[in-house]
Amino acid sequence: TPSATAKSGTLPFPSYSQDDQHDIAAAGNLACIAGYTADGFRVHIFDVTNAASPVFKAAITPRGRDIRLWLDGATLLVSSNLFLSDVPDNVIEAFDLNDPANPKPSGQIRAQTAAYDVKVLSQDGQDPLIALAKPGGSVHTVGYSPASGTFYPGPVCPSPYSAQVTVSQSPNSAGGYTVVT
């Protein structure tokens, strides 16, 4: 365990202010940062093999804004809110980053009502489960299979307070997660 944190590099992201940077995710030698740029809402992908000198690989244009990221191996999930009407929708897009310079879309799902918060649960060797805190008091769950690029809706958990999702870091003895909103 390091005794103190040490800065080893900087991810360049051309946003207007710190508030324009929505989320960051890293796994292995990849790092992704999402936010608002002069070109609109973007996710930038970097190779951070040399952390002191990250290399920009590609930019993805998500379908919406209020972007949240999750990266595991070569699978990137991008959750964003799409404002096409009075009630915004939530869109989750999956990308294959085996070639980070050429991210390949590998599935998407659109759900009614925007998400206040998004958490992704995953254990080694298992498909990820996405928990979305929705307005009006519920947490919606969605599964994703990277092998097939398929999203599948899961149960909806009613909750009077659903502005934020907190999830246990590991499953309980029955194999389930504890979700607190």
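The next thing to look at is the overall build of the chain. Scanning the chain for helices and strands turns up zero helices and 14 strands. Listing every helix and strand of the chain by position from the N terminus yields β-β-β-β-β-β-β-β-β-β-β-β-β-β. Contacts in the chain between residues far apart in sequence, at least 24 positions, make up 35% of those at least 6 positions apart. Here the chain displays about 10,000 Å² of accessible surface, and carbon together with sulfur accounts for 50% of that area.

Spatial strand order, 5-6-7-8: four strands in an open sheet with antiparallel pairing. The outermost strands of the open sheet, each flanked by one partner alone, are strand 5 (65-72) and strand 8 (104-111). Taken pair by pair, the neighbouring strands of this sheet meet at an average axis angle of 15°, ignoring direction. Two elements, strand 5 and strand 6 (residues 75-82), share six bridges in a ladder whose sense is antiparallel. Paired with Arg68 across the strands is Ser79, a residue of strand 6.

Scored by pLDDT, the chain has a mean of 79; 77% of the residues are at 70 or more. Across the chain, element-level confidence peaks in strand 4 (residues 55-60) with a mean pLDDT of 94 and bottoms out in strand 14 (residues 179-180) with 55.

Let us look at the pairing of strand 10 (residues 129-134). In terms of residue burial, strand 10 counts as a mostly covered element, since five of its six residues are buried. Sheet analysis places strand 9 (residues 117-121) next to strand 10, joined by five bridges and oriented antiparallel. In the sheet register, Lys119 faces strand 10, and the bridge partner there is Ala131. Pairing analysis gives six bridges linking strand 10 to strand 11 (residues 138-145), with the strands arranged antiparallel. Considered in strand 11, the bridge of Leu129 is made with Gly143.

Bringing the nonpolar core into the picture now. Core analysis: the largest hydrophobic core is formed by 16 residues, its most contacted members being Cys32, Val43, Leu69, Leu71, Leu76 and Leu97. The contact partners of Leu71, leaving out residues within four places of it in the chain, are Ala25, Ala26, Ala27, Leu30, Cys32, Leu76 and Leu97. Core analysis: the second largest hydrophobic core is formed by 11 residues, Trp70, Leu77, Ala115 and Tyr144 among them.

So, how was this worked out
- Sequence order as written defines the numbering, with residues in each chain counted from 1.
- pLDDT decides what is reported in this predicted model: residues at 70 or higher carry local features, side-chain atom pairs at 80 or more are listed and counted, and totals for whole chains, interfaces and linings draw on all residues regardless.
- Only hydrogens and water are removed before side-chain values are computed, so all heavy atoms of the structure are retained for them.
- Think of it this way: any DSSP run of H or I at least four residues long counts as a helix, any run of E at least two long counts as a strand, and we number them from the N terminus.
- Residue contacts are counted whenever heavy atoms from the two residues lie within 4.5 Å of one another.
- Throughout, the Shrake-Rupley method with a 1.4 Å probe supplies accessible areas, and for residues the shown protein chains are the sole cover considered.
- DSSP bridges decide pairing: two strands pair if at least two such bridges lie between them.
- Interaxial angle, 0 to 180 degrees, is taken between N-to-C directions of lines fitted to C-alpha atoms, where a helix line uses only the stretch in contact.
- What pLDDT expresses is the predictor's confidence in each residue, scored from 0 to 100.
- To sort residues, take the accessible area from a 1.4 Å probe on protein chains only and compare it with the maximum for the residue type: under 20% means buried, over 50% means exposed, and anything in between is partly exposed.
- What we call a nonpolar core is a set of buried Ala, Val, Leu, Ile, Met, Phe, Trp, Tyr and Cys residues that are connected through their side-chain atoms within 4.5 Å.

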